[in-house]
Amino acid sequence: ETGVTQSPTHLIKTRGQQVTLRCSSQSGHNTVSWYQQALGQGPQFIFQYYREEENGRGNFPPRFSGLQFPNYSSELNVNALELDDSALYLCASSFAYSGGAKSGGYTFGSGTRLTVV
Amino acid sequence: AQSVTQLDSQVPVFEEAPVELRCNYSSSVSVYLFWYVQYPNQGLQLLLKYLSGSTLVKGINGFEAEFNKSQTSFHLRKPSVHISDTAEYFCAVNPRGGSNYKLTFGKGTLLTVNP
């Protein structure tokens, strides 16, 4: 089975710009979550998608937005980039049963390292 | 809401010595528990997880962890470490049931294995 793949691996953007990060979920998984990991910190939950809808969000402003596509791939969009947005962005996929119950397994991608200058 | 405390930010050990990385959590509901490892400049790799059943969980690379509900702990152990085990280790929890997929992570423990 294929794992979670993220692109690009590295990215440098200027403050105020917009960025789109991409994630392909593991085969058979239907949910996706995004995390931000600042240097020296644990990952922080941004939001999660199930059935192409956002159904959970962490403490991040609206300029962080996302999409989940019918093939369960996903995008994370960040507008009006700030210096503090510099971090490793991780995508994680999982499987939910039809009622939304979790299977308890999460697979992470290798991340996208975003640097804002 | 959940919170995770990893009691040691750094743990230096010598090669072939045993190691324990400590993790305590707080939650008003039952949780699933996870340990992830992160090698430099890489993403997270699942070491092991506790979903239900036996409280002693065995994972990859010779690691194991024990879930202690009364102490709300999930400590990670390895009887003999290798240089290649040098990495950052994260403990995480997720509420059981429902559709909340949020993983709450601790701040991590840097394990450094010295020759």
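Our subject is the structure that appears above.
The structure presented is a predicted model; accordingly, all values stated were derived computationally and were not measured.

Visitor: Could you give an account of the pairing of strand S2 (residues 10-14) of chain B, with specific residues and numbers?
Guide: Residues and elements named next belong to chain B. Of the two faces of S2, the one holding Val-11 and Val-13 is buried and the one holding Gln-10, Pro-12 and Phe-14 is not buried anywhere. With 5 bridges joining them, S2 and strand S12 (residues 109-114) adopt parallel strand pairing. Considered in S12, the bridge of Phe-14 is made with Asn-114.

Visitor: Quick one: what's the story with the interface of chain A and chain B, residue by residue and with numbers?
Guide: Interface extent is often summarised as the accessible area lost during association of the parts. Taken together, the contact pairs 26 residues of chain A with 24 residues of chain B. Taken together, chain A and chain B are joined by 0 salt bridges. If you look at where chain A meets chain B, you find 6 residue pairs in polar contact (both at pLDDT 80 or more). Residue assignment for the side of chain A that touches chain B shows that the elements contributing at least two residues are strand S4 (31-37), strand S5 (44-50) and strand S9 (87-94) of chain A.

Visitor: Give a detailed account of unusual backbone geometry, specifying residues and quantitative values.
Guide: Cis rather than trans, the peptide bond between Ser-7 of chain A and Pro-8 of chain A has omega equal to -10°. For Pro-8 of chain A, the location among the structural elements is in the loop between strand S1 (5-7) and strand S2 (10-13). Of note, the phi angle at Asn-41 of chain B is positive, near 60°, even though the residue is not glycine. Position of Asn-41 of chain B among the secondary structure elements: in the loop between strand S5 (31-38) and strand S6 (45-50). Look at Asn-41 of chain B and you get exposed, because its relative accessible area is 75%. Not every positive phi belongs to a glycine, and Asn-61 of chain B is a case in point at roughly 60°. A residue is classified by how much of its surface remains accessible, and Asn-61 of chain B, at 40% relative accessible area, is partly exposed.

Visitor: Lay out the state of the cysteines with the relevant residues and their values.
Guide: Residue and element names in this part refer to chain A. This structure, assessed with the given rule, holds 2 disulfides over all chains. Across the disulfide, Cys-23 is cross-linked to Cys-91 (sulfur-sulfur distance 1.9 Å). A torsion of -65° about the S-S bond marks the disulfide between Cys-23 and Cys-91 as left-handed. Taken as a pair, Cys-23 in strand S3 (residues 19-24) and Cys-91 in strand S9 lie far apart in primary sequence, 68 residues in all. Pair check on accessibility: Cys-23 and Cys-91 agree, each one buried.

Visitor: I'd love a proper account of the side chain of Asn-30 of chain A, names of residues and values included.
Guide: Residues and elements named next belong to chain A. Inspection of the secondary structure assignment puts Asn-30 in the loop between S3 and S4. Judged by its relative accessible area of 11%, Asn-30 is buried. Excluding residues that lie within four positions of it along the chain, Asn-30 makes contacts with Tyr-49, Tyr-50, Arg-51, Gln-68, Tyr-72, Ser-94, Phe-95 and Ala-96.

Visitor: An account of the side chain of Gln-26 of chain A is requested, with residue identities and associated values reported.
Guide: Tracing the backbone shows Gln-26 of chain A in the loop between S3 and S4. We classify Gln-26 of chain A as buried; its relative accessible area is 10%.

Visitor: Can you tell me about the sheet that holds S1 of chain A, naming the residues and giving the values?
Guide: Residues and elements named next belong to chain A. Read from one edge to the other, the open sheet built from 4 strands follows the order S1-S3-S8-S7, with strand pairing classed as antiparallel. What marks the edges here is a single partner per strand, and that holds for S1 and strand S7 (64-68). Direction aside, neighbouring strands of the sheet carry axes that sit 20° apart on average. Bridge count for S1 against S3 is 3 bridges, and the pairing is antiparallel.

Visitor: Give a detailed account of the environment of His-29 of chain A, specifying residues and quantitative values.
Guide: All names here are of chain A. Structurally, His-29 is set in the loop between S3 and S4. Between the C-alpha atom of His-29 and that of Asn-71, which follows or precedes it by 42 residues, the distance is 9.7 Å. Those residues in contact with His-29, other than ones at most four positions away along the chain, are Tyr-72, Ser-93, Ser-94, Phe-95 and Thr-107. Separated by 2.7 Å, the side chains of His-29 and Ser-93 make a polar contact. For His-29, the side chain forms a polar contact with the main-chain nitrogen of Ser-94, separated by 3.3 Å.

Visitor: Go over the pattern of salt bridges, please, and point to the residues and values.
Guide: Here the structure, examined in full by the defined rule, presents 9 salt bridges over all chains. Linking Arg-77 of chain B and Glu-20 of chain B is a salt bridge whose minimum nitrogen-to-oxygen distance equals 2.8 Å. Note that Arg-77 of chain B is positioned in strand S9 (residues 73-78) and Glu-20 of chain B in strand S3 (residues 19-21), a separation of 57 residues in sequence. Residue Arg-77 of chain B is classed as partly exposed on the basis of its relative accessible area, which comes to 28%. Using a relative accessible area of 34% as the deciding quantity, one classes Glu-20 of chain B as partly exposed. Glu-66 of chain B serves as the salt-bridge partner of Arg-77 of chain B, at 3.7 Å between the closest nitrogen and oxygen. Residue Arg-77 of chain B is found in strand S9, and its partner Glu-66 of chain B is found in strand S8 (residues 64-68); the two are separated by 11 residues along the sequence. Judged by relative accessible area, Glu-66 of chain B falls into the partly exposed class, the value being 34%. Each of Arg-63, Glu-82 and Asp-85 of chain A takes part in a single network of salt bridges with overlapping partners.

Reading the values: rules and limits
Residues numbered from 1 in each chain as written. Chains lettered and ligands numbered in written order. Predicted model: local features only at pLDDT ≥ 70, side-chain atom pairs only at ≥ 80, totals over all residues. Heavy atoms only, no water. Buried < 20%, exposed > 50% of the residue type's maximum accessible area, 1.4 Å probe, protein only. Helix = DSSP H or I, 4+ residues; strand = E, 2+ residues; numbered from the N terminus. Pairing = 2+ DSSP bridges. Contact = heavy atoms within 4.5 Å. Salt bridge = Lys/Arg side-chain N within 4 Å of Asp/Glu carboxyl O. Polar contact = N/O pair within 3.5 Å; in protein donor to acceptor, adjacent residues only side chain to side chain. Disulfide = S-S within 2.5 Å. Axes fitted to C-alpha atoms, helices over the stretch in contact; angles between N-to-C directions.

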